[in-house]
Amino acid sequence: MDRQHLELIAMILQESRGYGEESIMLIKSLMTSVLEILIRNIKKGSHYEVAETNADDRATRMLTYINENINQPELLKADHLVSTFAMSPTSVSEFFKKQIKMSLREYIIKAKLKLVEIRLLKSDYTLTEITDDLAFTDVSHLSKTFKRYVGMSIREFKNNGEYKLLKKSICETNK
């Protein structure tokens, strides 16, 4: 975390020490900024669920690429990954499954839904904004996908107020 980010946190702490109701909007805005920084770092991070014995850095590069482009589905299609990582069409899927222990599609869904969880609990984004930003087809598609993987509706999740997928190491579907 660089110095600017620490200054944001210091500003939040200072505002929370007795300025009362008038500082709530500023604190909310600063916290949203911190959230966006965290989301950006999650997308760009290089610590993913790669097998411990992984000697091939292509898996890490592929995960980094996927997370950096999570909101651009056309860049995450197998045929695009084939050209980006100079692999054959069949080897991309097999390689990903072998290295990450889940399919490419499952990983992309899981990564998106983790970001959905963060935004639902820690931001003022609307479902439409989240849907658009993470390139879901529509709010209905997001809601159905969320329920399938998290096991509860978006409303139940928000009322519960507790992360589900961010706590799991494996993304399972509730079929």
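Preceding this section is the structure that the text describes.
1. Things to note about the overall build of the protein chain
Okay, step 1: Assigned secondary structure in the protein chain consists of nine helices and zero strands.
Okay, step 2: N-terminal to C-terminal, the α/β element order of the protein chain is α-α-α-α-α-α-α-α-α.
Okay, step 3: When the 175 residues of the protein chain are sorted by exposure, 39% land in the buried category.
Okay, step 4: When contacts within the protein chain are restricted to residue pairs at least 6 apart in sequence, those whose partners lie at least 24 apart make up 55%.

2. Notes on the nonpolar core
Okay, step 1: Counting 37 residues, the largest nonpolar core has Ile66, Ile70, Phe96, Tyr107, Leu113, Val116 and Phe146 as its most contacted members.
Okay, step 2: Counting only elements with at least two residues in this core, the list comes to α3 (58-68), α4 (78-84), α5 (89-100), α6 (104-122), α8 (139-150) and α9 (154-160).
Okay, step 3: For this core, the element with the most residues is α6, which contributes nine residues.

3. Side note on unusual backbone geometry
Okay, step 1: In the Ramachandran plot, Lys101 falls in the positive-phi region, its phi being about 70° despite a non-glycine side chain.
Okay, step 2: Here Lys101 lies in the loop between α5 and α6.
Okay, step 3: Within the chain, Ala135 stands out as a residue other than glycine whose phi angle is a positive 60°.
Okay, step 4: On the basis of relative accessible area, Ala135 is assigned to the partly exposed category, the value being 26%.

4. Focus on the packing of aromatic side chains
Okay, step 1: Enumeration according to the criterion identifies three aromatic pairs in this entry.
Okay, step 2: Ring centres of Phe96 and Tyr107 lie 5.7 Å apart, and the angle between their planes is 65°; on these two criteria the pair is classed as edge-to-face. Of this pair, Phe96 sits in helix α5 while Tyr107 sits in helix α6, placing them 11 residues apart in sequence.
Okay, step 3: Judged by relative accessible area, which is 4%, Tyr107 ranks as buried.
Okay, step 4: The positively charged end of Arg58 is found above the aromatic ring belonging to Phe95, 4.6 Å away from the centroid.
Okay, step 5: Positioned above the aromatic ring of Phe136, the side-chain terminus of Lys112 is 5.0 Å from the ring centre.

5. Some details on the pattern of salt bridges
Okay, step 1: Scanning the entire structure with this criterion turns up two salt bridges.
Okay, step 2: Taking the shortest distance from any N to any O, the salt bridge between Asp57 and Arg61 comes out at 3.7 Å.
Okay, step 3: Ionic pairing is found between Asp133 and Arg119, a salt bridge with its closest N-O pair at 2.1 Å. With Asp133 in helix α7 (residues 127-133) and Arg119 in helix α6, this residue pair connects regions lying 14 residues apart in the sequence.

6. Observations concerning the packing of α6 against α8
Okay, step 1: Contact pair α6 / α8: the axes reach a minimum separation of 11 Å and the direction vectors enclose 100°. Between α6 and α8, the angle is such that the two are roughly perpendicular. Contact residues: Arg105, Glu106, Ile109, Leu113, Val116, Glu117 and Leu120 in α6; Leu142, Thr145, Phe146, Arg148, Tyr149 and Val150 in α8.
Okay, step 2: Residue composition of the contact of α6 with α8, by class: eight nonpolar, one polar and four charged.

Procedures and definitions
- Residues numbered from 1 in each chain as written.
- Predicted model: local features only at pLDDT ≥ 70, side-chain atom pairs only at ≥ 80, totals over all residues.
- Heavy atoms only, no water.
- Helix = DSSP H or I, 4+ residues; strand = E, 2+ residues; numbered from the N terminus.
- Buried < 20%, exposed > 50% of the residue type's maximum accessible area, 1.4 Å probe, protein only.
- Contact = heavy atoms within 4.5 Å.
- Core = buried A, V, L, I, M, F, W, Y, C linked by side-chain atoms within 4.5 Å.
- Phe/Tyr/Trp six-rings, centres within 6.5 Å; stacked < 30°, edge-to-face > 60°.
- Lys NZ or Arg CZ within 6 Å of the ring centre and 35° of its normal.
- Salt bridge = Lys/Arg side-chain N within 4 Å of Asp/Glu carboxyl O.
- Axes fitted to C-alpha atoms, helices over the stretch in contact; angles between N-to-C directions.
- Parallel < 35°, antiparallel > 145°, perpendicular 65-115°, else oblique.
- Nonpolar A, V, L, I, M, F, W, Y, C, P; charged D, E, K, R; others polar.

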